[in-house]
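Fold and contact review
Residue strings, one per chain:
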Amino acid sequence: MPRYVDGYVLPVPKKHVEAYRRMAQKAGKVWRDHGALEFRECVGQDLKSKRGKTFPQTIKAKHAETVFFSWIVFKSRAHRDRVNKKVMKDPRLAKMMGSKMPFDMKRMAYGGFKVLVDE
């Protein structure tokens, strides 16, 4: 079955990792409750590379920040659009968005991706 993924890479101050984790757990529940198949949040560990541009370079992570690589899996792009429409109307998410975010949203990289290989 084809899948669709929303992917994110974002800088989070190291001192706010726990606050971000708590927020992400709540957000993950909202997305899953509305039909997302998977919700993953991964914190950077091995971010130094001699090849290509690293995630910290790409999002201009500062010394006191780490990088999160995150994704949400859906059945299809149309399914993603339906789920996200419901999520954006969910009062639980509105409450989270109304509070101070533990990361800089302006430096978050985001995109929607059609899965080509699913092994």
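Each chain has its residues counted from 1, following the order in which its sequence is written. Predicted model: local features are reported for residues with pLDDT of at least 70 only, side-chain atom pairs are reported and counted for 80 or more only, and whole-chain, interface and lining totals are derived from all residues. Only hydrogens and water are set aside; all other atoms, that is, all heavy atoms of the structure, feed into the side-chain values.

On to the sheet that holds strand β4 (residues 109-114), then. Strand order across the open sheet formed by four strands is β2-β3-β1-β4, with antiparallel pairing between neighbours. The open sheet has two edge strands, β2 (38-43) and β4, and neither has a second partner. Neighbouring strand axes in the sheet, compared pairwise and without regard to direction, differ in orientation by 15° on average. Every residue pair with non-hydrogen atoms within 4.5 Å of one another is taken to be in contact. For helices, the fitted line uses only the C-alpha atoms of the stretch in contact; every axis is such a line through C-alpha atoms, and the angle between N-to-C directions lies from 0 to 180 degrees. The secondary structure listing takes helices from DSSP runs of H or I that are at least 4 residues long and strands from runs of E that are at least 2 residues long, numbered from the N terminus. The strands that helix α1 (residues 17-33) touches are β1 (4-13), β2 and β3 (65-74); relative to β2, the one it contacts most, it runs at about 170°. At least two bridges found by DSSP between two strands is the condition for calling them paired.

Bringing the nonpolar core into the picture now. Buried residues of nine kinds, namely Ala, Val, Leu, Ile, Met, Phe, Trp, Tyr and Cys, make up a nonpolar core once their side-chain atoms join them within 4.5 Å. The buried label goes to any residue with under 20% of its type's maximum accessible area, the exposed label to any with over 50%, and the partly exposed label to all in between, with areas taken from a 1.4 Å probe on protein chains only. Residues Leu10, Tyr20, Trp31, Ile72, Phe74 and Phe103 are the most contacted members of the largest nonpolar core, which totals 21 residues. Those elements that provide at least two residues to this core are β1, α1, β3, α3 (77-89) and α4 (91-97). When residues of this core are assigned to their parent elements, the largest contribution, six residues, is made by α1. When neighbours within four sequence positions are excluded, tyrosine 20 is seen to be in contact with Leu10, Val12, Glu41, Phe68, Ser70, Pro102 and Phe103.

Helix length check: α1 (17 residues) gives 24 Å between terminal C-alpha atoms against 24 Å at 1.5 Å per residue, within 8%. Buried residues of α1: Tyr20, Met23, Ala24, Ala27, Gly28, Val30 and Trp31, and no others. For α1, the angular spread of the buried residues around the axis is 160°, confining them to a single face. Exposed and oriented more than 90 degrees from the buried face of α1 are Gln25 and Lys26. For a helix, the expected span equals 1.5 Å multiplied by the residue count minus one. An arc is given here, and it is the one of the directions from the helix axis to the C-beta atoms.

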